[in-house]
Amino acid sequence: MSELQGGPGALFAIGGAEDKLKKRTVLQEFVEAAGGSKARIVVVPTASALGPDVVDVYRALFAALGAESVVGVRPENREDADDPAFIAPLNDATGIFMTGGNQLKLAGVVTGTAFGRAVTAAHARGAAVGGTSAGASILAEHMIAFGRSGATPRQRMSQLSGGLGLVQGAIVDQHFAQRNRYGRLLSLVAQSPGLLGIGVDEDTAAVVRGSHLEVVGRGAVTIFDGTRITSNAHNAKRSEPILASGVVLHVLPATATFDLQNRVLLSYGPQPAASEYAELAAAEADLRKLAKEIAAEGVSPAYYAERKRRAGRRANRSAAAGESRPEATEPLNRPTQAAGADPLHPASPDRSLPEQ
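What you are looking at is a predicted structure, and each value in this text was computed from that prediction instead of being measured.

Notes on the pairing of strand β5 (residues 128–132)
Here β5 lies mainly inside the structure; five of its five residues are buried. Judged by which residues are buried, β5 turns out to be covered on both faces: A128, G130 and T132 on one side and V129 and G131 on the other are all buried. Pairing of strand β1 (residues 11–14) with β5 involves four bridges; the strand directions are parallel. Residue pairing in the sheet places F12 in a bridge with G130 of β5. Bridge count between strand β4 (residues 95–98) and β5: four bridges; the pairing is parallel. Looking across to β5, one finds that I96 is bridged to V129.

Structure follows, in structure tokens:
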């Protein structure tokens, strides 16, 4: 059995497409929550249509991030999910990770079986339990089995299925902004206002510890609170649009924390490090230079000659007035810049000739 103590472990609802090549922020956080160098992680690929390769990928990733051991356990039906041989690895796990794929299949195999109960028991004793895409949706008590995309909530836009119930009082959706799933989550909140709608972007995790949710990763977590909603969901026909007025919207970027019980924002943490701002500034400067070079393609040599003559006349006037200015002889796509100038706010270009 695991030596974990101290209450339930963290829950990681990952919106899918988590970074596996560069920073791997979300996966690194999961490994740390599972015990870091002592992490014993069980990967459950039941939802996936891929073969052993999916386990091999996560085994390599978690091992590279410092986990002590990684094993795959794949129940394919409810008989497997009640087999002690499939359940035994969960009893010693400090982390359980469910992959993406078909979430209705995952729910049909896992929920209400000994395997599902073992996952719940592992979480209760302190193991981190997480999943990406389909593996995120099943963490809630009510999970989206399937549905269609779109920004407008409509009747019969999606269907619910039973989940593991580790996240209470909420519905979790994934690939949220990338697949435009606002409408389907909002339609479910309109039909069940007592449930919070939690939409998780790709390469982003909603990390739940107790009643607090923290956002980790590159995107955002969107929360719909229908406590005071006015809706016509009870009488909207077929696929008609659903009225959803008075819904409270929270869009939470990385470092934000949210109280799921009281449904309020708790805090939002520090901004990105100065080094990251420097990288962004350099990237923006490169893009501006590239844009000027692209815009300059096909411009006649006479245009450059006229710009140079005008710059020379301005320099002569400045010299006559006793001012000291640099000589403007640089080509159009490589403007001079005074020392100390802000690279993100260069001086306005000469407007005496039409822009190209």
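Topic: the confidence of the model for the protein
Chain-level statistics for the protein give a pLDDT mean of 87 and a share of 81% at 70 or above. Between residues 324–356, whose pLDDT stays under 50, and residues either more than four places distant or in other chains, the model counts 28 contacts.

Focus: the environment of S267
Assignment of secondary structure puts S267 in strand β17 (residues 264–267). Residue S267 is classed as partly exposed on the basis of its relative accessible area, which comes to 34%. Along the sequence, S267 and T257 sit ten residues apart, while their C-alpha atoms lie 5.3 Å from each other. In contact with S267, not counting residues within four places along its chain, are T255, A256 and T257.

Things to note about the sheet that holds β1
Strands sit in the order β3-β2-β4-β5-β1-β10-β11-β16-β17 across an open sheet of nine strands; the sheet is mixed. Both edges of this open sheet fall to β3 (69–72) and β17, since each of them pairs with a single strand only. For this sheet, the mean inter-axis angle between neighbouring strands, taken without regard to orientation, is 20°. Here strand β2 (residues 40–44) pairs with β4 via four bridges, running parallel.

Examining helix α8 (residues 182–191)
Counting buried positions along α8 yields eight of ten residues, so the element is predominantly enclosed. Those residues of α8 that sit buried are G183, R184, L185, L186, S187, L188, V189 and A190.

Here we look at the packing of aromatic side chains
Using the criterion set out here, one finds eight aromatic pairs in the structure. Measuring from centroid to centroid gives 4.9 Å for Y58 and F97, while their planes differ by 45°, and the two rings are tilted. Of the two residues, Y58 is situated in helix α2 (residues 53–64) and F97 in strand β4; the sequence distance between them amounts to 39 residues. For the pair formed by Y58 and F97, the shared burial category is buried. Within the aromatic cluster, the residues linked to one another by ring pairs are F12, F30, Y58, F62 and F97.

Notes on the pattern of salt bridges
Per the counting criterion, the structure on display carries nine salt bridges. Among the ionic pairs, K20 bridges to E18, the shortest N-O distance being 3.4 Å. For E18, a relative accessible area of 3% corresponds to the buried category. With its nearest N and O atoms 2.7 Å apart, the salt bridge here joins D173 to R184.

Quick notes on unusual backbone geometry
In this structure, A17 is a non-glycine residue whose phi angle is positive, near 50°. Along the chain, A17 turns up in the loop between β1 and α1 (25–33). In this structure, N180 is a non-glycine residue whose phi angle is positive, near 50°. Within the secondary structure layout, N180 lies in the loop between β8 (170–174) and α8.

Re the nonpolar core
Counting residues in hydrophobic clusters, the biggest one holds 46 residues, and the most contacted among them are F115, I198 and L213. Leave out the neighbours within four places in its chain, and I198 touches A170, I171, V172, D173, L185, L213, V221, T222, I223 and L260.

Overview of empty space enclosed by the protein
Leftover empty space is mapped by rolling, across the atoms, a probe with the size of a water molecule. Taken as a whole and judged by the stated rule, the model has one cavity of 30 Å³ or more. In this structure, the largest cavity encloses a volume near 40 Å³. At the level of secondary structure, the elements contributing two or more residues to the lining of the largest cavity comprise β9 (196–200) and β10 (204–209). For the lining of the largest cavity, a count of residues per class yields eight nonpolar, no polar and no charged.

Comments concerning helix α6 (residues 114–124)
For α6, the set of buried residues is F115, G116, A118, V119, A122 and H123. Relative to the axis of α6, the buried residues are bounded by an arc of 160° and lie together on one face. Positioned one or two residues after α6, G126 has a phi angle of 125°, which is positive.

About the cut-offs
- Residues numbered from 1 in each chain as written.
- Predicted model: local features only at pLDDT ≥ 70, side-chain atom pairs only at ≥ 80, totals over all residues.
- Heavy atoms only, no water.
- Buried < 20%, exposed > 50% of the residue type's maximum accessible area, 1.4 Å probe, protein only.
- Helix = DSSP H or I, 4+ residues; strand = E, 2+ residues; numbered from the N terminus.
- Pairing = 2+ DSSP bridges.
- pLDDT = per-residue confidence, 0-100.
- Contact = heavy atoms within 4.5 Å.
- Axes fitted to C-alpha atoms, helices over the stretch in contact; angles between N-to-C directions.
- Phe/Tyr/Trp six-rings, centres within 6.5 Å; stacked < 30°, edge-to-face > 60°.
- Salt bridge = Lys/Arg side-chain N within 4 Å of Asp/Glu carboxyl O.
- Core = buried A, V, L, I, M, F, W, Y, C linked by side-chain atoms within 4.5 Å.
- 1 Å grid on protein atoms, 1.4 Å probe; cavity = no way out; pocket = protein on both sides within 12 Å on 5 of 7 lines; lining within 4 Å.
- Points joined across faces, edges and corners; volume = space filled by probe spheres on them.
- Nonpolar A, V, L, I, M, F, W, Y, C, P; charged D, E, K, R; others polar.
- Arc of directions from axis to C-beta.

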